Every structure is written in C-alpha cells, then in structure tokens.
Amino acid sequence: MAPDDPDVVKRILRAELRERRQNMPSHERQLASEGLTARLQELVTETGATSISCYLSMPNEPDTRPFVNWAEANGVRVLFPVTRDDGLLDWTVGEDETERLGLAGVPEAEGELLGPMAINDVDLIIIPAAAIDRTGMRLGWGR
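In this text, all values refer to a predicted model and were calculated from it rather than measured experimentally.

Q: What exactly am I supposed to notice about the pairing of strand E3 (residues 89–92) here?
A: The two faces of the sheet receive side chains in turn, since in a regular strand these alternate between them. In the sheet, strand E2 (residues 77–83) pairs with E3 via 4 bridges, with the strands oriented antiparallel. Within E3, the position partnered with phenylalanine 80 by the bridge is threonine 92.

In structure tokens, the structure reads:
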C-alpha cells in the first residue's frame with residue numbers, strides 16, 4: 001500500500017491519536033471531561049431532547065459518565081449501544097447501571113436489549129470520534 005493510501009493515513013492518524021490520549025495528563029483529561037459535559041448539557045437543553053443515545057467512554061477518553069448521570073437525573077432517556085456478533089448495534093437503557101466490556105473491547109451498559117431499531121426513537125445521537133476536523137468530518141476508530 002502506498003503511504004498516501006487513505007486507509008494507511010487513517011491508521012497512522014488513529015495510532016498517533018491513541019498515543020496522545022494515553023499520554024494526556026490526568027488534569028487535562030479532567031478539563032476535557034468537564035468541557036464535554038458542559039457542552040453536551042447545553043446541547044440537550046438547547047434542543048429540548050428528551051431521549052438521546054450516548055456511548056460509555058474508554059478510560060483514556062473524556063468521561064461521558066458525568067453527562068449521562070446529569071441527563072438521567074434530569075429525566076432524559078439515555079440509550080447505550082451494545083455490539084452484536086453480526087456487526088449491528090443493539091441498544092439498552094442500562095437500567096442495571098452496570099457495565100461490561102463489549103465485543104470491541106469498549107465499555108457497554110448492561111440491561112434489556114431493545115433491538116437495532118430503538119435508535120430511531122431518540123432526539124439526539126452522541127457518537128465517539130477519534131478526531132473531527134474544522135468542517136465537522138468525523139474520523140472514527142475504524143470499527
């Protein structure tokens with residue numbers, strides 16, 4: 001593969017981003033978590049969303065748990081993705097408030113599975129990203 005192959009470039013960028021996140025000092029990660037929480041609270045409030053989907057963050061990502069706790073405390077229904085063997089995402093509200101590592105090694109909420117179509121009933125979808133450029137183009141983790 002050529003070095004300018006988009007797949008190679010993406011793999012290199014993802015590796016660099018993983019390393020940067022792993023090396024981020026805890027106080028910077030805390031600030032990032034606080035900023036993410038504040039912005040997501042604003043977004044939910046401004047849009048009037050009453051049902052959202054959100055992921056559970058990895059240890060080296062800004063923490064989504066404070067936002068999820070705020071949302072649930074404010075009556076917002078939160079759906080969490082659950083990976084399936086067939087590659088589709090299932091959804092749960094995580095009523096057990098417990099987590100496990102899913103098929104891709106990411107934290108997932110445990111609870112009654114609602115099926116892949118449950119995502120159609122939310123007002124706002126919050127998805128993880130490795131990076132986002134100034135135009136809003138998302139680079140995922142390649143899963």
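Q: How should the pattern of salt bridges be read in this particular structure?
A: Pairs can form between side chains of opposite charge whenever their charged atoms are close. Counted by the stated rule, this structure contains 8 salt bridges. The partner of arginine 39 in a salt bridge is glutamate 42, with the nearest N and O atoms 3.2 Å apart. Placement of the pair is arginine 39 and glutamate 42 together in helix H2 (residues 26–47), with a separation of 3 residues, close to one helical turn. Judged by its relative accessible area of 41%, glutamate 42 is partly exposed.

Q: How should the packing of aromatic side chains be read in this particular structure?
A: Two aromatic rings, taken as a pair, are described by how far apart their centres are and by the angle between their planes. Per the stated rule, a full pass over the model turns up 1 aromatic pair. On the basis of an interplanar angle of 25 degrees and a centroid distance of 6.0 Å, the ring pair of phenylalanine 67 and tryptophan 70 is categorised as stacked. Taken as a pair, phenylalanine 67 and tryptophan 70 lie in helix H3 (residues 65–73) at a separation of 3 residues, close to a single helical turn. Classification of phenylalanine 67 as buried rests on a relative accessible area of 0%. Using a relative accessible area of 23% as the deciding quantity, one classes tryptophan 70 as partly exposed.

Q: I would appreciate a short explanation of H2 in the present structure.
A: In an α-helix, one full turn covers 3.6 residues, which means residues spaced three or four apart are oriented alike. Between the first and last C-alpha of H2 there are 31 Å, a value that for 22 residues agrees with the 32 Å anticipated at 1.5 Å per step. Looking only at H2, the buried set comprises Arg29, Ser33, Thr37, Leu40 and Val44. The buried residues of H2 occupy an angular sector of 80 degrees when the element is viewed end-on, so they sit on one face. Every exposed residue of H2 that faces more than 90 degrees away from the buried side is listed here: His27, Leu31, Thr45 and Glu46. Those residues of H2 hidden inside the fold are in contact with helix H1 (6–22), strand E1 (51–53), H3 and strand E6 (124–125). After H2 finishes, the residue glycine 48 shows a positive phi value of roughly 70 degrees.

Q: I tried to follow the sheet that holds E2 on my own but got confused; where do I start?
A: Backbone hydrogen bonds are what pair the strands of a sheet, in a parallel or an antiparallel way. Taking strand neighbours across the sheet as the criterion, the 4 strands line up as E3-E2-E1-E6 in an open arrangement whose pairing is mixed. The strands lining the two open edges of the sheet, one partner per strand, are E3 and E6. Relative to E2, H3 is tilted by about 135 degrees, and along the sheet it contacts E1 and E2.

Q: How should the pairing of E2 be read in this particular structure?
A: Relative to E2, E1 runs parallel, the two sharing 3 bridges. Pairing of serine 53 across the sheet is with leucine 79, part of E2. Remark: 5 residues form the turn of the hairpin made by E2 and E3, two consecutive strands paired antiparallel; glycine 87 in that turn has positive phi of roughly 90 degrees.

The rules we used
- The residue numbers shown here count from 1 along each chain, following its written sequence.
- In keeping with the predicted nature of the model, local features appear solely for residues at pLDDT of at least 70, side-chain atom pairs appear and are counted solely at 80 or more, and the whole-chain, interface and lining totals rest on all residues.
- Values reported for side chains reflect all heavy atoms of the structure, with hydrogen atoms and water molecules removed beforehand.
- Here a strand pair is declared whenever DSSP counts at least two bridges between the two strands.
- Per the convention used, a helix needs a DSSP run of H or I reaching at least four residues, while a strand needs a run of E reaching at least two, with both numbered from the N terminus.
- Only one rule defines a salt bridge in this text: a Lys or Arg side-chain nitrogen within 4 Å of an Asp or Glu carboxyl oxygen.
- Note on exposure labels: buried denotes an accessible area under 20% of the residue type's maximum, exposed denotes more than 50%, and partly exposed covers the range between, all computed with a 1.4 Å probe on protein chains only.
- Only Phe, Tyr and Trp rings take part, Trp by its six-membered ring, and two of them pair if their centres are within 6.5 Å. Stacked means planes under 30 degrees apart, edge-to-face means over 60, and tilted covers everything else.
- By this rule the span expected of a helix is its residue count minus one, scaled by 1.5 Å.
- The arc refers to the directions leading from the helix axis to the C-beta atoms.
- Between two residues, a contact is recorded if the distance between any of their heavy atoms is within 4.5 Å.
- In this analysis an axis means a line fitted to C-alpha atoms, helices contributing only their contacting stretch, and an angle means the value between N-to-C directions, from 0 to 180 degrees.

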